[in-house]
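Inside the fold
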Amino acid sequence: GPGLGVFPEAFAAARKLAESRAYANHGKRTTLERIYTELGQSLAIPETCTRSVLQAELEMETELLRPIPGAAERIAEQSNMRRVIFISDMYLPSAFLESQLRTHGLWPSGAALYVSCEHDADKRSGELFRRVAADQGLAVGNLLHTGNDVGTDVAGSRLAGCRCVHWDEAKLNRYERIVGKECR
């Protein structure tokens, strides 16, 4: 990483281990800040430097994020019929995710966002869907979830009692999977 005195490959490995430790220590409540606390401890770097690198990760996410082709049309179609609620199993803060959705024109009027790390609940167990329904004053069976992951989105929503549409447009193609493996 820049200014850390660590090779990029070593930084990437340390970042991955820090995320694993953060999940082991905090479970569903793992946040990017907790990951970077773990990283700072493992690399023995000061908190000010850790914060700078955390900010650099968010800047990189901002630079690299792209909407899934067809997502804007799908969201617009759904927002004409019902309220759109984004539900994510993620360690990134909801303010950052909402900002990205707005930047890419994917945030319809009246939308809401629930992120697992901020609600101590996840999609896989169905818990986050139940939390969203209760918070929104809805019967869980009235939620229609659209998701790409069979285990998390489809099975988790069904476990909670939601209706679900499997939309796998966001799945990596074989070339993207190869590049992903090379970058690990």
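Scroll up to find the structure this text is about.
Structural notes, computed from the coordinates. Quantities reported herein were computed from a predicted structural model and do not represent experimental measurements.

On to the packing of aromatic side chains. Per the stated rule, a full pass over the model turns up one aromatic pair. For the ring pair F86 and W107, a centre distance of 5.6 Å and an interplane angle of 20° mean the geometry is stacked. With F86 in strand β1 (residues 85–88) and W107 in the loop between α5 (94–103) and β2 (112–115), this residue pair connects regions lying 21 residues apart in the sequence. Residues F86 and W107 agree in their burial class; the two are buried.

The periodicity of an α-helix, 3.6 residues per turn, causes residues three or four positions apart to be oriented the same way. Here helix α8 (residues 150–160) has its buried residues at T152, D153, V154, G156, S157 and A160. In this structure, the buried residues of α8 make contact with α7 (127–136), β3 (144–147) and β4 (163–166). Here α8 starts with a cap whose side-chain oxygen sits 3.0 Å from the backbone nitrogen of G151, and that cap is D149. Positioned one or two residues after α8, G161 has a phi angle of 100°, which is positive.

The next thing to look at is the state of the cysteines. Taken as a whole and judged by the stated rule, the model has zero disulfides. The cysteine C117 is free of any disulfide, with C162 supplying the nearest cysteine sulfur at 20 Å.

A few words now on the environment of E118. Inspection of the secondary structure puts E118 in helix α6 (residues 116–119). What makes E118 partly exposed here is its relative accessible area of 35%. Excluding its chain neighbours within four sequence positions, the residues that come into contact with E118 are R29, P93 and S94. For E118, the side chain forms a polar contact with the side chain of S94, separated by 2.8 Å.

So, about the pairing of β4. Here β3 runs beside β4; their pairing, made up of four bridges, is parallel. Bridge pairing links T146 to V165 in β4. For the segment spanning β3, α8 and β4, crossover handedness is right-handed.

All right, on to the nonpolar core then. Formed by 25 residues in total, the largest nonpolar core has its most connected members in L32, Y36, F86 and L92. Elements that contribute at least two residues to this core include exactly α1 (8–26), α2 (32–43), α3 (47–64), α5 and β2. Setting aside its immediate chain neighbours within four residues, F86 contacts I75, L101, L106, W107, P108, A111, A112, L113 and Y114. Ranked by size, the runner-up nonpolar core spans 12 residues in total, among them I85, Y114, L128 and V132.

The terminal C-alpha atoms of α1, which comprises 19 residues, lie 26 Å apart, in line with the 27 Å expected from a rise of 1.5 Å per residue. Where α1 is concerned, the buried positions are F11, A14, R15, A18 and A22. Projected down its long axis, α1 shows its buried positions confined to an angular sector of 105°, all on one face. Opposite the buried face of α1, at more than 90 degrees from it, the exposed residues are E9, K16, L17 and A24. A positive phi of about 55° marks G27, the residue just after α1.

What follows concerns the pairing of β2. Burial along β2 is two-sided: A112 and Y114 and L113 and V115, pointing in opposite directions, are all buried. Across four bridges, β1 lies against β2 in parallel orientation. Residue pairing in the sheet places I85 in a bridge with A112 of β2. Read from β1 through α5 to β2, the crossover connection turns out right-handed.

Definitions and limits used
Residues numbered from 1 in each chain as written. Predicted model: local features only at pLDDT ≥ 70, side-chain atom pairs only at ≥ 80, totals over all residues. Heavy atoms only, no water. Phe/Tyr/Trp six-rings, centres within 6.5 Å; stacked < 30°, edge-to-face > 60°. Helix = DSSP H or I, 4+ residues; strand = E, 2+ residues; numbered from the N terminus. Buried < 20%, exposed > 50% of the residue type's maximum accessible area, 1.4 Å probe, protein only. Contact = heavy atoms within 4.5 Å. Polar contact = N/O pair within 3.5 Å; in protein donor to acceptor, adjacent residues only side chain to side chain. Disulfide = S-S within 2.5 Å. Pairing = 2+ DSSP bridges. Right-handed = clockwise from strand over helix to strand, strands pointing away. Core = buried A, V, L, I, M, F, W, Y, C linked by side-chain atoms within 4.5 Å. Expected span 1.5 Å × (residues − 1). Arc of directions from axis to C-beta.

Interpretation note: all reported values are geometric properties and have no functional meaning in isolation.
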